[in-house]
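For reference, the chains in residue letters:
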Amino acid sequence: MHFSDRLGNAIQEKNNPTVMGLDPKLDYIPQHIRDCAQKDAMNPFHAAADSIITFNCALINAVADIVPAVKPQLAYYEWFGLEGLRAFDTTCRYAKEKGLLVIADGKRNDIGSTAEAYSGAYLGETDLENGKSTVFNTDALTVNAYLGEDGIKPFLKDCDVYEKGIFILVKTSNPSSGQLQDMPLADGRKVYEAMADLVKDWGAERCGQNGYNSVGAVVGATYPVQLAEMRERMPNTWILVPGYGAQGGKAADVALAFDAKGLGALVNASRSLMCAWQKADRYAGYSEADFALAARNEAIRMRDEINEALQKR
């Protein structure tokens with residue numbers, strides 16, 4: 001099935017346009033999990049990876065019936081070397097076993113041949129001596145398109161062949177994004193507006209039955225004015241919205257990313273879900289053993305808060 005239709009169906013089935021980010025640091029993980037992992041570990045990296053796997057799988061179990069997708073951030077796994085990539089792979093496989101879509105947050109890109117290798121690793125296949133094989137087999141990948149079209153074509157090709165998706169950085173949620181992305185161009189557009197127009201063009205012939213295409217955009221919740229502008233500028237583009245929760249984005253802000261029918265956007269929260277058990281103000285009665293329950297309750301609260309904001313529009 002076309003990526004856009006799979007994503008749209010998953011969101012509608014769970015009445016929830018949110019994704020749980022899985023960006024693990026060791027101090028996010030309860031101490032009892034880390035202690036247990038160290039007992040049989042071959043080295044500290046092995047222990048860290050086992051801790052992450054246990055933590056992630058418990059979180060996935062807790063929210064699999066609530067959220068349609070997870071978004072592991074590759075940097076947090078590469079940080080732990082080969083063992084970290086083992087944790088990433090195990091996490092992705094487990095999430096897919098639980099029926100969730102997996103968006104690999106890698107912000108990958110390079111010149112054409114290198115972009116082809118990146119795309120093959122996460123969206124397509126790898127050439128081997130006796131044929132081809134999948135590596136990570138994620139459903140979508142975040143991509144940095146600021147190298148231009150030749151660095152995007154390999155990703156577009158694999159989206160078409162393997163029915164996968166990409167989310168291209170347009171207006172990111174970080175405070176200094178405007179240093180480059182808000183710069184004016186000779187034709188009067190800003191850089192992020194020009195990127196949005198390219199995203200729209202790249203996705204124009206890649207629409208699913210729900211009217212949205214497999215080439216999405218990343219637009220941060222921390223810039224609600226631009227978020228509303230991008231929804232209008234890219235009417236058939238899925239918008240992945242980071243910045244909700246810990247970064248300061250509110251439900252009323254992210255609601256601007258959706259169309260009139262309440263479709264077209266996927267809102268990410270990472271720390272606010274993963275570390276919900278550490279929130280003394282909201283989960284004061286929870287112990288570290290209740291980390292997964294706290295994440296579940298926070299995921300439900302997030303879902304309901306965003307749906308309420310959409311109903312008020």
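Above: the structure in question.
When helices and strands are tallied, the chain shows 13 helices and 10 strands. Taking 2.2 N^0.38 as the reference for a compact globule, 313 residues should give roughly 20 Å; the C-alpha atoms of the chain span a radius of gyration of 19 Å, in line with that estimate. Seen along its three principal axes, the alpha-carbon backbone of the chain occupies a region of about 60 × 55 × 35 Å. Here the chain holds 313 residues, and 53% of them are scored as buried. For the chain, restricting intrachain contacts to residue pairs at least 6 apart in sequence, the fraction spanning at least 24 positions comes to 73%. For the chain, the exposed surface amounts to about 13700 Å²; the carbon and sulfur share of it is 51%.

This brings us to the sheet that holds strand β9 (residues 239–241). Across a sheet, paired strands are connected by hydrogen bonds in the backbone, their directions being either parallel or antiparallel. If you trace the eight strands once around the closed barrel, you get β1-β2-β3-β6-β7-β8-β9-β10, paired in parallel fashion. Geometrically, the sheet is characterised by an average inter-axis angle of 30° between neighbouring strands, direction not taken into account. Judged from the four bridges that link them, strand β6 (residues 140–143) and strand β7 (residues 165–171) form a sheet pairing that is parallel. Across the sheet, residue T142 finds its bridge partner in β7, namely F167. Those strands touched by helix α10 (residues 224–233) are β7, β8 (215–219) and β9, and its axis lies near 165° from that of β9. Its contacts with the sheet place helix α13 (residues 291–312) against β1 (18–22) and β10 (265–269), and it is angled at close to 140° to β10.

What follows deals with the pattern of salt bridges. According to the stated counting rule, one finds 21 salt bridges in the structure shown. A salt bridge links K71 to D105; the nearest nitrogen and oxygen atoms lie 2.7 Å apart. Pair noted here: K71 is in strand β2 (residues 69–72) and D105 is in strand β3 (residues 101–108), with a separation of 34 residues, a long-range link. Residue K71 shares its accessibility class with D105, and that shared class is buried.

We now examine helix α6 (residues 112–122). Taken residue by residue, α6 has A115, S119, G120, A121 and Y122 as its buried positions. For α6, the elements touching its buried residues are α5 (81–97), β3, β4 (126–128), β6 and α7 (153–162).

A separate point is the layout of surface pockets. If you add up the space inside the second largest pocket, you get close to 310 Å³. Along the walls of the second largest pocket sit 13 residues, with E116, G120, E125, D127 and D158 positioned nearest its centre. Counting residues per element, the ones that place at least two in the lining of the second largest pocket are α6, β4 and α7. With five residues, α7 is the single largest residue contributor to the lining of the second largest pocket. Of the residues in the lining of the second largest pocket, the class split is five nonpolar, two polar and six charged.

Next up on the list: unusual backbone geometry. Even without being a glycine, K107 presents a positive backbone phi close to 50°. Mapping K107 onto the fold places it in strand β3. With a phi close to 55°, N137 is a non-glycine residue in the positive phi region. Along the chain, N137 turns up in the loop between β5 (131–133) and β6. Since its relative accessible area comes to 30%, N137 is described here as partly exposed.

Bringing the state of the cysteines into the picture now. Under the defined criterion, the tally for this structure stands at zero disulfides. Considering cysteine sulfurs only, C57 is the nearest to C92, which forms no disulfide, with 11 Å between them. Judged by its relative accessible area of 2%, C92 falls in the buried class. In this structure C207 is a free cysteine whose sulfur lies 13 Å from that of C159, the closest cysteine sulfur available.

Turning next to the side chain of E298. Residue position: E298 is located in helix α13. Residue classification places E298 among the buried residues on the basis of a relative accessible area of 2%. Setting aside anything within four residues of it in sequence, one finds E298 in contact with S272, L273, A276, K279, R282 and Y283.

Conventions used here
Residues numbered from 1 in each chain as written. Predicted model: local features only at pLDDT ≥ 70, side-chain atom pairs only at ≥ 80, totals over all residues. Heavy atoms only, no water. Helix = DSSP H or I, 4+ residues; strand = E, 2+ residues; numbered from the N terminus. Rg over C-alpha atoms; globule rule 2.2 N^0.38 Å. Buried < 20%, exposed > 50% of the residue type's maximum accessible area, 1.4 Å probe, protein only. Contact = heavy atoms within 4.5 Å. Areas by Shrake-Rupley, 256 points an atom, 1.4 Å probe, with all protein chains shown as cover. Pairing = 2+ DSSP bridges. Axes fitted to C-alpha atoms, helices over the stretch in contact; angles between N-to-C directions. Salt bridge = Lys/Arg side-chain N within 4 Å of Asp/Glu carboxyl O. 1 Å grid on protein atoms, 1.4 Å probe; cavity = no way out; pocket = protein on both sides within 12 Å on 5 of 7 lines; lining within 4 Å. Points joined across faces, edges and corners; volume = space filled by probe spheres on them. Nonpolar A, V, L, I, M, F, W, Y, C, P; charged D, E, K, R; others polar. Disulfide = S-S within 2.5 Å.

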